[in-house]
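Now for the letters of each chain:
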Amino acid sequence: AQLVESGGGLVQPGGSLRLSCTASGFTFSNYAMKWFRQAPGKEREVVADITRSGGSTHYADSVKGRFTISRDNAKNTGYLQMNSLKPEDTAVYYCNAVFIRSYWGQGTQVTVSS
């Protein structure tokens, strides 16, 4: 069972990226999903979360109005759409699926710089 992230990269301030998190080996639709990030020298923090059905979402104040979390259970994939990116969004981003167990992706680097 695993989660595999993709979509990170280098983007200029004000730009956009979409991260994907694809699950395999477990029933993704049974699991709530979260996106975390960890910047150098800082603790890992939750960015957004979404319920199993996708019917409810929550965001950290720092990303509210700029990031959108979503999921497609038919594709076993979760997403994090990131718009109006700022240099302070630079971090390694991790997806996490949690229910009976907790699964983590390997992380994907997002760098916002001109």
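Treat the numbers as computed from the prediction; the structure is a model and nothing was measured.

Some details on the pattern of salt bridges
- What the rule picks out here adds up to 4 salt bridges.
- Through salt bridges that share partners, Arg 37, Glu 45, Arg 66 and Asp 89 make up one connected network.

With respect to the sheet that holds strand 8 (residues 77-82)
- Spatially, the 4 strands line up as an open sheet ordered 1-3-8-7, and their pairing is antiparallel. Lying at the two open borders of the sheet, with one neighbouring strand each, are strand 1 (2-6) and strand 7 (67-72). The average undirected angle you get between the axes of adjacent strands in this sheet is 15 degrees.
- With 6 bridges connecting them, strand 7 and strand 8 associate as antiparallel partners. If you follow Ile 69 over to strand 8, its bridge partner there is Leu 80.

Conventions we followed
- Residues numbered from 1 in each chain as written.
- Predicted model: local features only at pLDDT ≥ 70, side-chain atom pairs only at ≥ 80, totals over all residues.
- Heavy atoms only, no water.
- Salt bridge = Lys/Arg side-chain N within 4 Å of Asp/Glu carboxyl O.
- Pairing = 2+ DSSP bridges.
- Helix = DSSP H or I, 4+ residues; strand = E, 2+ residues; numbered from the N terminus.
- Axes fitted to C-alpha atoms, helices over the stretch in contact; angles between N-to-C directions.

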